[in-house]
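# Architecture at a glance
What follows is the residue order along each chain.
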Amino acid sequence: MDIENLDRNNLVYLAKLAEQAERFDEMVNCMKQVVKNAEDALTVEERNLLSVAYKNIVGSLRSSWRIIRAVGSKNEGMVDHTNEYIAKIETELDGVCQEAIALIDEFIFPKLDNESDAESLVFYHKMKGDYYRYLILLVLLFMINVSIDNVD
């Protein structure tokens, strides 16, 4: 479905459908269009849909990452394949986090009035903080793994 030509109400409706169907990639795509096309600040409902969409994508990737790390550590003969898969998930997680942060910075913050939209401002800063936290965890774990690899 070509969502680029849909209006805001239809995009929000499709995002809600995607949420019900647990198709969070499609939910993110719909909400990205809403954000990019919006001439004014998002409504509370739209803001929450955006947050839920990214939260579920990131949550799924983080869960996959933890599972693969746990299972992979038990299969010593498959370390290279496991590490390759972990790197793939980390790259996806990095991309989603960077995308969410950029969307907020480039399209959402410019449309907010700092005085009248204080609640939204706090909400989006918290959202950005969460995604920066996930990125920092990836970097820290990478540094720990590099340090452990260099102990020999």
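What counts, and at which threshold
Residue positions are counted from 1 within each chain, in the order its sequence is given. Only residues with pLDDT of 70 or above have their local features reported here, since the model is predicted, and side-chain atom pairs are shown and tallied only from 80 upward, although totals for entire chains, interfaces and linings are computed over all residues. Heavy atoms throughout the structure, all of them, feed into the side-chain values; hydrogens and water do not. Elements are defined by DSSP. Helices are runs of H or I of four residues or more, strands are runs of E of two residues or more, and each kind is numbered from the N terminus. Buried residues are those whose accessible area, probed at 1.4 Å on protein chains only, stays under 20% of the maximum for their type, while exposed residues exceed 50% and partly exposed ones sit between those limits. Residue contacts follow a heavy-atom distance rule, with two residues in contact if any of their heavy atoms lie within 4.5 Å. Exposure was quantified through the Shrake-Rupley algorithm and a 1.4 Å probe, taking into account, for residues, occlusion by the shown protein chains and nothing else. When charges are counted, Lys and Arg contribute as positive and Asp and Glu as negative, whereas His and the chain ends are disregarded. A charge is said to be at NZ when it belongs to Lys, at CZ for Arg, at CG for Asp and at CD for Glu. Only C-alpha atoms enter the line fits that serve as axes; for helices the fit covers just the stretch in contact. Angles between N-to-C directions range over 0 to 180 degrees. With respect to orientation, any angle under 35 degrees is reported as roughly parallel, any angle over 145 as roughly antiparallel, any angle of 65 to 115 as roughly perpendicular, and every other angle as oblique. Whether a crossing is left-handed or right-handed is set by the direction in which the near helix is turned from the far one by less than a right angle, anticlockwise for left-handed and clockwise for right-handed. In this classification, Asp, Glu, Lys and Arg are treated as charged, Ala, Val, Leu, Ile, Met, Phe, Trp, Tyr, Cys and Pro as nonpolar, and every other residue, Gly included, as polar. A patch consists of residues whose relative accessible area exceeds 30% and which take part in no salt bridge; residues with like charges are grouped when within 9 Å of each other, and nonpolar side chains (Val, Leu, Ile, Met, Phe, Trp, Tyr) when within 5 Å. The term salt bridge refers to a pairing of a side-chain nitrogen on Lys or Arg with a carboxyl oxygen on Asp or Glu at a separation within 4 Å.

## A word on the overall build of the protein chain
Within the protein chain, the regular secondary structure consists of five helices and zero strands. Listing every helix and strand of the protein chain by position from the N terminus yields α-α-α-α-α. Structurally, the protein chain occupies a C-alpha span of about 55 × 35 × 20 Å along its principal axes. When the 152 residues of the protein chain are sorted by exposure, 36% land in the buried category. Long-range pairs, those at least 24 residues apart, make up 68% of the contacts in the protein chain with a sequence separation of at least 6. Summed over its atoms, the accessible surface of the protein chain is roughly 9700 Å², and 52% of this surface lies on carbon and sulfur atoms. Computed over 16 positive and 27 negative side-chain charges, the separation of the two mean positions in the protein chain equals 5 Å.

## Here we look at the packing of helix α1 (residues 8–20) against helix α2 (residues 24–37)
Following both chains from N to C, one finds α1 and α2 inclined at 160 degrees, their axes separated by 8 Å at the closest point. For the element pair α1 / α2, the angle class is roughly antiparallel. Note that α1 runs across α2; the crossing there is left-handed. In this structure, α1 contributes R8, L11, V12, L14, A15, A18 and E19 to the contact, and α2 contributes F24, E26, M27, C30, M31, Q33, V34 and N37. When grouped by side-chain class, the residues that make up the contact of α1 with α2 number 10 nonpolar, two polar and three charged.

## Some words on a nonpolar patch on the surface
A cluster of nonpolar side chains, namely Y132, I136, L137 and L140, defines an oily patch on the protein surface of about 360 Å² accessible area. Note that L140 resides in helix α5 (residues 118–149). Under the relative-accessibility criterion, L140 is labelled partly exposed at 42%.

## A short note on the pattern of salt bridges
If you walk through the whole model with that rule in mind, you get 10 salt bridges. Note that K16 and E45 form a salt bridge whose closest N and O atoms lie 2.5 Å from each other. One end of the pair, K16, is in helix α1; the other, E45, is in helix α3 (residues 44–72), and 29 residues separate them in sequence. The shortest N-O distance in the salt bridge between E92 and K88 comes to 3.6 Å. Of this pair, E92 and K88 both sit in helix α4 (residues 79–108), separated by four residues, roughly a single helical turn. Given the relative accessible area of 35%, E92 is considered partly exposed. On the accessibility criterion, K88 (46% relative accessible area) is partly exposed. Connected through shared salt-bridge partners, R8, D40 and E46 make up one network.

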